[in-house]
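A structural walkthrough
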Amino acid sequence: MASFMLSLAISIFCVACVLGEQLPNILLILTDDQDVELHGMYPMYETSKLLGRAGAQFHNAFTPTPICCPARASVLTGQYAHNHRTFNNSVSGGCNGPNWLDRSEPRALPAVLQNHGYRTFFAGKYLNQFRGAKVPPGWNEFHGLHGNSRYYNYTLRENSQNVSYTSTYLTDLLRDRAVDFLRSATRSDEQRPFFAMVAPPAPHAPYTPAPRHRGVFSNTKALRTPSFNNPTEDKHWLVGSSARLADETVATIDRYFQGRWESLLAVDELVAALVAVLSETKALDDTYIIYTSDNGYHMGQFAQPFDKRQPYETDIHVPLLMRGPGIAAGSHLHVAVSLIDLAPTVLDWAGIAVPPYMDGRSIRGDLLQAGRAGRDITLHPPYRHSLLIEYWGEGNDDTYNPSCPWERSDRLAECTPEAACHCQDSWNNTFACLRDFKYNVDRIYCQFNDNEHFSEAYDLLQDPYQMLNIVYDLLPIERAIYRLRLQNLTKCSGHSCLV
């Protein structure tokens, strides 16, 4: 039945070709843990030029979940985590677990596109718990990494087999695989449009640059934001109980910060190489290109060493650049965008109806309006003005690290000697946040699922570094409205998420 449906879709597409309708190609580049707030795009000179200045830059793009596997599941499904049920990076938390394999993956974006005649390609990190037993549904060509981000000594599921590499730098291998695919897919005798997704490991730990880039940023230190190594007690207990970091830990943060920037230089070369191939093969004008990351990252903010998993701008604000047919060069968009919007947008570009189970919305109209309005648009009705950020703490008995002075029963996580045993996660680091955008309003309101039912709120217009928790400065009616809106969003599905 599946093969019949695919044949039918391809036949329909070929009829469209005969009638002169040209469906666009789509290229999605997804980095790993790349921030905006700490100038994570600084190393990306070619990317900023080829995609940002030649297309659109989104200034209010956010991850729905500040951790890898749930965020990647949201990119692929167009759903919030409470709907695709991938809650964290463990199998028990839904990462490549039974629900994903049986329910979400078969109807995810690549499967929908493939069933409508698109030729699909994947290379890079897929989901953290993917181990390469078989190619996931929806991919014609697949080069998926086993497990979490690595730069050397890794295994890829390469279509029908698993292949291991030791000394080949992964970002460069992904570049070469993607270049080969694009050359093949853009041949003059190839009648099908393509969807290609490339997911390099950078700048994820262990922050390993290509040898040719090692030392480029050796004189660079981590950005000293006002919150850097500045513990504050008005945060939820995991952050509020932090102590100042020792000089040795700060030096480690600086070294990791340099490695993150240096690892991104190979990604910048990857983007330039893919754009060059599309230009050379005369396919660039028919191709939409998206560049983004699964989540952000903090480095020393509020005396938290280096990680994500927190509801602050460092962890949730992600880069988003787009170029392609009808996107005006130099566009700047300030509308609220979530990673759950990427799948509906791609389907909209491909002329495919967005399935009702997707929670996101197409931003194709925003891009077109930016072109008509002088390439710079802000938020106006009827655009969505609320985004949901949700996270479920991973701390449990298995995350216990005997190298740190905590008890197994504390159920802490991400505690390492490199971070001076400042734990970055816990069993009750579980929260839901409303990112609120309206005229003259830029706020975030968060509720934690802990014994205190702790709340946080920040006015980003007045306090962009989130130094002062204003939750109890809000009027009681404001807090009540935020609680109600947040309650509705954490239960939303499909169109009810577009508020």
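Cut-offs applied
Residues numbered from 1 in each chain as written. Predicted model: local features only at pLDDT ≥ 70, side-chain atom pairs only at ≥ 80, totals over all residues. Heavy atoms only, no water. Helix = DSSP H or I, 4+ residues; strand = E, 2+ residues; numbered from the N terminus. Rg over C-alpha atoms; globule rule 2.2 N^0.38 Å. Buried < 20%, exposed > 50% of the residue type's maximum accessible area, 1.4 Å probe, protein only. Contact = heavy atoms within 4.5 Å. Areas by Shrake-Rupley, 256 points an atom, 1.4 Å probe, with all protein chains shown as cover. Axes fitted to C-alpha atoms, helices over the stretch in contact; angles between N-to-C directions. Parallel < 35°, antiparallel > 145°, perpendicular 65-115°, else oblique. Nonpolar A, V, L, I, M, F, W, Y, C, P; charged D, E, K, R; others polar. Arc of directions from axis to C-beta. Pairing = 2+ DSSP bridges. Core = buried A, V, L, I, M, F, W, Y, C linked by side-chain atoms within 4.5 Å. Disulfide = S-S within 2.5 Å. Patch = residues over 30% accessible without salt bridge, like charges linked within 9 Å, V, L, I, M, F, W, Y side chains within 5 Å. Salt bridge = Lys/Arg side-chain N within 4 Å of Asp/Glu carboxyl O. pLDDT = per-residue confidence, 0-100.

**A closer look at the overall build of the protein**
A tally of helices and strands in the protein yields 13 helices and 21 strands. For the protein, the C-alpha radius of gyration of 22 Å lies close to 23 Å, the compact-globule estimate for 499 residues. When its C-alpha atoms are laid out on the principal axes, the protein stretches across 65 × 55 × 45 Å. When each of the 499 residues of the protein is scored for burial, the buried share is 61%. Restricting to contacts in the protein with at least 6 residues of sequence separation, those with at least 24 account for 70%. Accessible area of the protein: about 19,400 Å², with a carbon and sulfur share of 52%.

**A look at unusual backbone geometry**
For the peptide bond that leads from Ala 202 to Pro 203, omega is -5°, which places it in the cis range. When you line up the elements, Pro 203 lands in the loop between strand 8 (194-199) and helix 8 (237-240). Following Ala 205, the chain continues into Pro 206 via a peptide bond in cis, with omega recorded as 15°. With respect to the element layout, Pro 206 can be found in the loop between strand 8 and helix 8. Not every positive phi belongs to a glycine, and Ala 303 is a case in point at roughly 65°. Tracing the backbone shows Ala 303 in the loop between strand 10 (298-299) and strand 11 (306-307). Given a relative accessible area of 0%, Ala 303 falls into the buried group.

**Considering the packing of helix 7 (residues 170-185) against helix 9 (residues 247-280)**
Packing of helix 7 against helix 9 brings their axes to within 10 Å, and their N-to-C directions diverge by 10°. Looking at the two axes, helix 7 sits roughly parallel to helix 9. Packed against helix 7, whose contacting residues are Thr 171, Asp 172, Leu 174, Arg 175, Ala 178, Val 179, Leu 182 and Arg 183, the element helix 9 presents Ala 266, Val 267, Glu 269, Leu 270, Ala 273, Leu 274, Val 277, Leu 278 and Glu 280 at the interface. Partitioned by chemical class, the residues of the contact of helix 7 with helix 9 number eleven nonpolar, one polar and five charged.

**Looking at helix 2 (residues 45-53)**
Looking only at helix 2, the buried set comprises Thr 47, Leu 50, Leu 51 and Gly 52. Relative to the axis of helix 2, the buried residues are bounded by an arc of 165° and lie together on one face. The secondary structure elements touched by the buried residues of helix 2 are strand 2 (56-58), helix 9, strand 9 (287-293) and strand 12 (320-323).

**Overview of the sheet that holds strand 20 (residues 441-448)**
In a beta sheet, neighbouring strands pair by backbone hydrogen bonds and run either parallel or antiparallel. Spatial ordering of the open sheet is given by 16-19-20-21, a layout of four strands whose pairing is antiparallel. At either margin of the open sheet sits one strand with a lone partner, and together these are strand 16 (386-391) and strand 21 (455-459). Averaged over neighbouring strand pairs, the angle between their axes works out to 15° when direction is ignored. Looking at chain direction, strand 19 (residues 431-438) and strand 20 are connected through eight bridges and run antiparallel. Directly across from Phe 437, in strand 20, lies its bridge partner Asp 442. In this fold helix 13 (residues 476-489) packs onto strand 16, strand 19 and strand 20, with an angle of close to 110° to the strand it touches most, strand 19.

**A look at the nonpolar core**
Grouped together as the largest cluster of nonpolar side chains are 48 residues, with contacts concentrated most on Phe 58, Leu 113, Tyr 126, Phe 195, Met 197, Met 322 and Trp 349. The element contributing the most residues to this core is helix 11 (residues 342-349), with five residues. When residues no more than four places from it in sequence are discounted, the contact partners of Phe 58 are Leu 320, Met 322, Leu 333, Val 337, Ile 363 and Leu 367. Counting 42 residues, the second largest nonpolar core, distinct from the first, contains Leu 50, Tyr 169, Phe 181 and Val 198.

**Focus on the pairing of strand 9**
Burial runs high along strand 9: seven of the seven residues are buried. Covered by surrounding structure in strand 9 are Thr 287, Ile 289, Tyr 291 and Ser 293 together with Tyr 288, Ile 290 and Thr 292, the residues of both alternating faces. Where strand 1 (residues 25-31) and strand 9 come together, seven bridges link them in parallel fashion. For Asn 25, the partnering residue across the bridge sits in strand 9 and is Thr 287.

**Things to note about the state of the cysteines**
Taken as a whole and assessed by the stated rule, the structure comprises five disulfides. Residue pairing for Cys 69: its cysteine sulfur links by disulfide to Cys 95, the two sulfurs lying 2.1 Å apart. Disulfide Cys 69 to Cys 95: torsion about the S-S bond roughly 90°, handedness right-handed. One end of the pair, Cys 69, is in helix 3 (residues 68-77); the other, Cys 95, is in the loop between helix 4 (81-84) and helix 5 (98-104), and 26 residues separate them in sequence.

**Focus: the environment of Ala 54**
Looking at where Ala 54 falls in the secondary structure, it is placed in the loop between helix 2 and strand 2. Taking the C-alpha atoms as reference points, Ala 54 and Ala 328, separated by 274 residues in sequence, lie 7.6 Å from one another. Ala 54 has contacts with Lys 49, Arg 323, Ala 329 and Gly 330, leaving out every residue within four places of it along the chain.

**Some details on the pairing of strand 6 (residues 154-158)**
The two faces of the sheet receive side chains in turn, since in a regular strand these alternate between them. Burial within strand 6 is extensive, with four of its five residues counted as buried. Linking strand 6 back to strand 7 (residues 161-165) in an antiparallel pair, the connection comprises two residues, with Asn 159 at a positive phi of about 55°.

**Quick word on a nonpolar patch on the surface**
On the surface, a cluster of nonpolar side chains totalling about 290 Å² of accessible area is made up of Leu 475, Ile 477 and Ile 481. Residue position: Ile 481 is located in helix 13. Among the residues examined, Ile 481 registers a relative accessible area of 44% and is labelled partly exposed.

**Quick notes on the confidence of the model for the protein**
Scored by pLDDT, the protein comes out at a mean of 92, with 93% of its residues at no less than 70. Segment residues 1-20 is flagged for pLDDT under 50; beyond a separation of four residues in sequence, or across chains, it makes 15 contacts in the model.

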